[in-house]
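As a plain string of letters, each chain reads:
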Amino acid sequence: MDLLPTEEQQQILDTASNYLGNEFPVQALLTTAQRPRLNHDQLKQLAGMGWIGIGLPDTLGGVGYGLSEEALLFAELGRYLMPPSLVGSVLAARTAAVRGHDDLAHAILDGTLRVAIATQQSSAPATISPTVTGNFLVFEAEGADYIMLTDDGGAALVALSDLQQVSQERCMDPTLDLTCWRGDNTTTTCFVTADQDAIFLRGTVLISAMLLGIAEATLQRSVDYAQAREQFGKPIGSFQSIKHYCAEMSIRCECVRAMLYYASITLQQQPSAGPLDTSSLKALAIDAAQENANTAVQIHGGMGYTQEMDIHLFVKRAQVLESLFGSERFHLRQVLSAAAPP
Amino acid sequence: MNLDFTEEQEQFRERVRDWLEENKPQESRPEDSAEGRAFDLAWQKTLYKGGWAGINWPQEYGGQGFDTFQQLIFLMEYAKSRAPGDHYRFNGLNLAGPTIIACGDEQQKQTYLPPILKGDVIWCQGFSEPGAGSDLASLKTRAVIDGDDMIVTGSKIWTSWARFADWQQLLVRTDPDAPKHKGISWVINRMDNPGMEIRPIHDMAGGTDLHEVFYDEVRIPVKNIVGGINNGWKVSMAQLSFERGTAFMPSQIETWNRMEDLLHLANQTRLEDGRLAIEDDHIAYQLAKMRAETRSLLAMTLMGISRNERTGMPGPEGSMLKLFQSELYKRISILSLQIVGAERSRLSGMASEWPKMFLGSFANTLGGGTSEVMRNIIGERHLGLPK
């Protein structure tokens, strides 16, 4: 038993973190164009490093690591506000590979094809099966070829050209493109049921990892600011009101990181505990990211409310990520009905 | 990153499980304090004879010298079997004993360690004072050297089970002129020493295990100082070097057991409006949230143990787990009152365990460092925020 990353896993994490820090600093979003966060060439570069196929078995054309390594990578992607459509690419490659669409899987794995990610509109639930019907809010459809649609029953990969665009929307998160699309008995390119492969739960783990990245990034910024900012002749971090906010933020991070590691293992190894752990993880990750980001605004004071600092981007992203792969309410329902693990 | 145990470790688990199943007491622990003491000592004797006493103590001092994973497995199985908690045995096994092992001289070790493992004595603690709570290092109980003895005058408070204890780990001020952390000594005191007066304190849950202890020119031999004179602050931190993160396993499992019991209760209990408690959105939301948090408590405990195993040092998880678990436990107990409804007022009925848990839960966010002190420690030592 060892819940911490191995040396090899730590290396994956460090490499990703260094690369993202150099190539995609969040600070850059304050001075340059905020969209697209990831252009076509950049996606190919990430794909070239094996990031899309990192958790896919090599027999299916992937790098051959597992969900734990994928989760470590996505926590870093979340920290650098990389688009959640990367989760779409990872799941799309898996869905295509599991269904034997090798060429399609390969083109997604090498970044040639772009995949968007969607959530259902809560006012009009959609059907996701071998055909899809209903309205979807789609993130990063601009320039995408496919769209990944999932719910707890299954996962569908659909060609974007087979759906109709209903509208162009304005996204709360300025780094993301948001559109509304409609399917009407639209045939999917491939469909996998939840029993065949836990695509939805894997996506839940990866989005939770991105939420952890937000919780940790906003903690780090808050601690740095609390040490540097002085009022009443002292760093504001010496005041217990601020110090205790930061302590609570760090416990939320510890709690979610531990649960992320734990759930990334049980989902692969103990199918009976998987849903309880995965849903517990997402519910806790949403809470941690949102509470930490919201608290970070308060700690940064008036400046935290402006677009001159990057805190607002984390606040907004934490909301977007709750809407993908099940809200807090949805997952808490799952937690309540899950059987006790052995 | 793995949750695997070796075949050897699984065999060890079987051995622990079988032994506990055969040997754990069938009756529950008596509520009466004197009977409780007898019960605790008898159970310690059984553990000793069975070869399970002092699982984290080195073998040279009569312990089992189990490695981290054996300790973890033992504690998991122990808690699952719902065998009796440490209760009065806690201090000797987890605080005084380990401190003497780490800092005591050979004679102190020979004299004081074996009786703890054999179930002959109960230890208590004399740290806090009426004027020194969260600011423990400002303690004022004086010890003046007089030949081979120290003469101790002052008072201590929050001493659990003092009137049922044989020995006490006591912090006294041996140098009033030194900076506050540097004039303290850690000494062994006999509880039948002349000049002491013990006053039980009634806690809000109805217990009388807390005490105030007064010392009026009490003589304690200088040879009872452990780890050197004026070195007591460092000595009192030494028991931490024993800590492998496994100490949280029992309370983690206890919290999980309570959580699952409460969920079960919510599925059976009807509210005033006739619906099952679980069908109430407000209750369901909180139950689910706390179940998720309880699940993560397990993951956090395992991550803490893993970190400890890698670095050999207790990390920030100690303070974090203490704070997280005690606050969660309190919230679970508060939620239970909403589920039992009007039954909350009855300390005598079938559902009385819940209001009792509620009343007792306040101790956890105060004792062993308040939640506010824990947040300071996390903020300052772990995050590096200024004092």
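Residues numbered from 1 in each chain as written. Chains lettered and ligands numbered in written order. Predicted model: local features only at pLDDT ≥ 70, side-chain atom pairs only at ≥ 80, totals over all residues. Heavy atoms only, no water.

A. Spatial organisation of the side chain of B:Asn193. All names here are of chain B. Along the chain, Asn-193 falls in the loop between β5 (184–190) and β6 (196–201). Of note is the side chain of Asn-193, whose polar atom sits 2.9 Å from the side chain of Asn-189. At a separation of 3.0 Å, a polar atom in the side chain of Asn-193 contacts the main-chain carbonyl oxygen of Arg-219. (Helix = DSSP H or I, 4+ residues; strand = E, 2+ residues; numbered from the N terminus. Polar contact = N/O pair within 3.5 Å; in protein donor to acceptor, adjacent residues only side chain to side chain.)

B. How the structure looks around the pattern of salt bridges. Tallied over the entire structure, the rule returns 41 salt bridges over all chains. Where A:Glu254 meets B:Arg307, a salt bridge forms, and the shortest distance between an N and an O atom there is 3.1 Å. Pair noted here: A:Glu254 is in helix α7 (residues 240–269) and B:Arg307 is in helix α8 (residues 281–311), and the two residues belong to different chains. Where B:Arg375 meets B:Glu372, a salt bridge forms, and the shortest distance between an N and an O atom there is 3.6 Å. Of the two residues, B:Arg375 and B:Glu372 both sit in helix α11 (residues 371–382), three residues apart, roughly one turn of that helix. Residue classification places B:Arg375 among the buried residues on the basis of a relative accessible area of 14%. Overlapping salt bridges, with partners in common, bring together B:Glu10, B:Arg13, B:Glu14, B:Arg17, B:Glu77 and B:Lys80 in one network. (Salt bridge = Lys/Arg side-chain N within 4 Å of Asp/Glu carboxyl O. Buried < 20%, exposed > 50% of the residue type's maximum accessible area, 1.4 Å probe, protein only.)

C. Examining helix α10 (residues 311–322) of chain A more closely. All names here are of chain A. The end-to-end C-alpha distance of α10, which contains twelve residues, comes to 17 Å, matching closely the 16 Å that a straight helix rising 1.5 Å per residue would cover. Most of α10 is tucked away: eleven of the twelve residues are buried. If you check which residues of α10 are buried, you get Ile-311, His-312, Leu-313, Phe-314, Val-315, Lys-316, Arg-317, Ala-318, Val-320, Leu-321 and Glu-322. Elements in contact with the buried residues of α10: α3 (67–79), β3 (131–139), α6 (199–228), α8 (274–299), α9 (301–304) and α11 (328–337). (Expected span 1.5 Å × (residues − 1). Contact = heavy atoms within 4.5 Å.)

D. Geometry of the packing of aromatic side chains. This structure, assessed with the given rule, holds 18 aromatic pairs over all chains. Each ring, one from A:Phe232 and one from A:Phe239, has its centre 6.2 Å from the other, and the planes form 80°; the classification is edge-to-face. Residue A:Phe239 is classed as partly exposed on the basis of its relative accessible area of 24%. Taking the centre distance of 5.5 Å and the plane angle of 25° together, the rings of B:Trp52 and B:Phe74 count as stacked. With B:Trp52 in the loop between α2 (33–50) and α3 (68–80) and B:Phe74 in helix α3, this pair connects stretches of sequence that are 22 residues apart. On the basis of relative accessible area, B:Trp52 is assigned to the buried category, the value being 6%. These aromatic residues form a ring-pair network of at least three members: B:Phe12, B:Trp19, B:Trp43, B:Trp52, B:Phe66, B:Phe74 and B:Tyr78. Above the ring of B:Phe5, the side-chain terminus of B:Arg13 is found at 5.0 Å from the ring centroid. Over the face of the ring belonging to B:Trp354 we find B:Arg258, whose NZ or CZ atom lies 4.7 Å from the ring centre. (Phe/Tyr/Trp six-rings, centres within 6.5 Å; stacked < 30°, edge-to-face > 60°. Lys NZ or Arg CZ within 6 Å of the ring centre and 35° of its normal.)

E. Up close: the domain arrangement of chain B. Residues and elements named next belong to chain B. In terms of domain boundaries, chain B breaks down into domain 1 (7–85), domain 2 (123–230) and domain 3 (243–382). Here the C-alpha centre of domain 3 lies 24 Å away from the C-alpha centre of domain 1. In this complex, domain 1 contributes ten residues to the contact, which on the side of domain 3 involves eleven residues. A combined buried area of about 960 Å² lies between domain 1 and domain 3, and 67% of that area is made up of carbon and sulfur atoms. Across the domain 1-domain 3 interface, the total number found is one salt bridge. Put simply, Asp-261 and Arg-82 hold a salt bridge, and the shortest N to O gap is 3.7 Å. The class makeup of the residues in the side of domain 1 that touches domain 3 is five nonpolar, two polar and three charged. (Domains from an automatic or database assignment. Buried area = accessible area lost by both parts, 1.4 Å probe. Nonpolar A, V, L, I, M, F, W, Y, C, P; charged D, E, K, R; others polar.)

F. Structural detail: the interface of chain B and chain A. With 47 residues of chain B at the interface, the matching set in chain A holds 50 residues. Between A:Asp287 and B:Lys289 there is a salt bridge, with its nearest N and O atoms 3.5 Å apart. Linking chain B to chain A there are 23 residue pairs in polar contact (both at pLDDT 80 or more). Secondary structure elements with two or more residues in the side of chain B that touches chain A: α3, α7 (249–266), α8, α9 (317–340) and α11 of chain B. If one sorts the elements of the side of chain B that touches chain A by residue count, α8(B) sits on top with 20 residues. Among the residues forming the side of chain B that touches chain A, the class breakdown is 26 nonpolar, seven polar and 14 charged.

G. Structural detail: the side chain of A:Glu322. Residue and element names in this part refer to chain A. Structurally, Glu-322 is set in helix α10. One buried charge, Glu-322, has no salt-bridge partner; the nearest side chain with opposite charge is Lys-282, at 7.0 Å. Among the polar contacts listed, one links the side chain of Glu-322 to the side chain of Gln-290, at a separation of 2.8 Å. Residue contacts for Glu-322: discarding those within four places in its chain leaves Lys-282, Ile-286, Gln-290, Ser-327 and Glu-328. (Lys, Arg positive; Asp, Glu negative; His and termini not counted.)

H. Spatial organisation of the environment of A:Cys253. Residue and element names in this part refer to chain A. Relative to the helices and strands, Cys-253 is located in helix α7. Cys-253 sits 42 residues away from Leu-211 along the chain, and the two C-alpha atoms are 9.9 Å apart. Not counting residues within four places of it along the chain, the set of residues in contact with Cys-253 comprises Leu-212, Ala-215, Glu-216, Leu-219 and Asn-292.

I. Representation of helix α5 (residues 106–118) of chain B in the model. Residues and elements named next belong to chain B. With 13 residues, α5 ought to run about 18 Å at 1.5 Å a step, and its terminal C-alpha atoms sit 19 Å apart, in line with that. In the structure, α5 departs most strongly from a straight axis at Tyr-112, where the bend amounts to approximately 25° and where the proline Pro-114 lies between one and four residues downstream. Every buried residue of α5 is accounted for by Gln-108, Lys-109, Tyr-112, Leu-113, Pro-115, Ile-116 and Leu-117. Along its buried surface, α5 packs onto α2, α4 (90–103), β1 (123–126), β4 (167–173), β5 and β8 (225–226). For α5, the N-terminal capping position is held by Asp-105, with its side-chain oxygen 3.2 Å away from the main-chain nitrogen of Gln-107. (Bend = angle between axes of the 7 residues up to and from the residue.)

J. Up close: the packing of helix α1 (residues 7–23) of chain A against α3(A). Residue and element names in this part refer to chain A. For the pair α1 and α3, interaxial distance at closest approach is 9 Å and the crossing angle is 25°. Here α1 lies roughly parallel to α3, going by the angle between them. Between α1 and α3 lies a crossing whose hand is right-handed. Counted together, Gln-9, Ile-12, Leu-13, Ala-16, Ser-17 and Leu-20 of α1 and Ser-68, Glu-69, Leu-72, Leu-73, Glu-76 and Leu-77 of α3 form the full contact between these two elements. Here the contact of α1 with α3 is composed, by residue class, of seven nonpolar, three polar and two charged. (Axes fitted to C-alpha atoms, helices over the stretch in contact; angles between N-to-C directions. Parallel < 35°, antiparallel > 145°, perpendicular 65-115°, else oblique. Left-handed = near helix turned anticlockwise from the far one by under 90°.)

K. Local environment of the domain arrangement of chain A. Residues and elements named next belong to chain A. Looking at chain A, the domain boundaries give domain 1 (7–193) and domain 2 (199–337). Inter-centroid distance (C-alpha atoms) of domain 1 to domain 2 is 21 Å. Opposite the 44 residues of domain 1 that make contact, domain 2 presents 37 residues. When domain 1 packs against domain 2, the two sides together hide about 3,200 Å² of surface, and 71% of this comes from carbon and sulfur.

L. Just the pairing of strand β1 (residues 115–120) of chain A, in detail. All names here are of chain A. With five of its six residues buried, β1 lies for the most part within the structure. Bridge analysis of β1 against strand β4 (residues 146–151) gives three bridges, and the strand direction is parallel. Within β4, the position partnered with Ile-117 by the bridge is Met-148. Of the pairings in the sheet, the one linking β1 to β3 comprises four bridges and is antiparallel in character. Each residue of the ladder has a partner; that of Ile-117, found in β3, is Phe-139. (Pairing = 2+ DSSP bridges.)

M. Inspection of the environment of B:Val218 at higher detail. Residues and elements named next belong to chain B. Tracing the backbone through its elements, the reader meets Val-218 in strand β7 (residues 210–221). Here Val-218 falls in the buried class, since its relative accessible area comes to 0%. The sequence separation of Val-218 and Asn-189 amounts to 29 residues, and the corresponding C-alpha distance is 9.5 Å. Ignoring anything within four residues of it in the chain, the contact list for Val-218 reads Met-150, Ile-151, Val-152, Asn-189, Asn-193, Pro-194, Gly-195 and Met-196.

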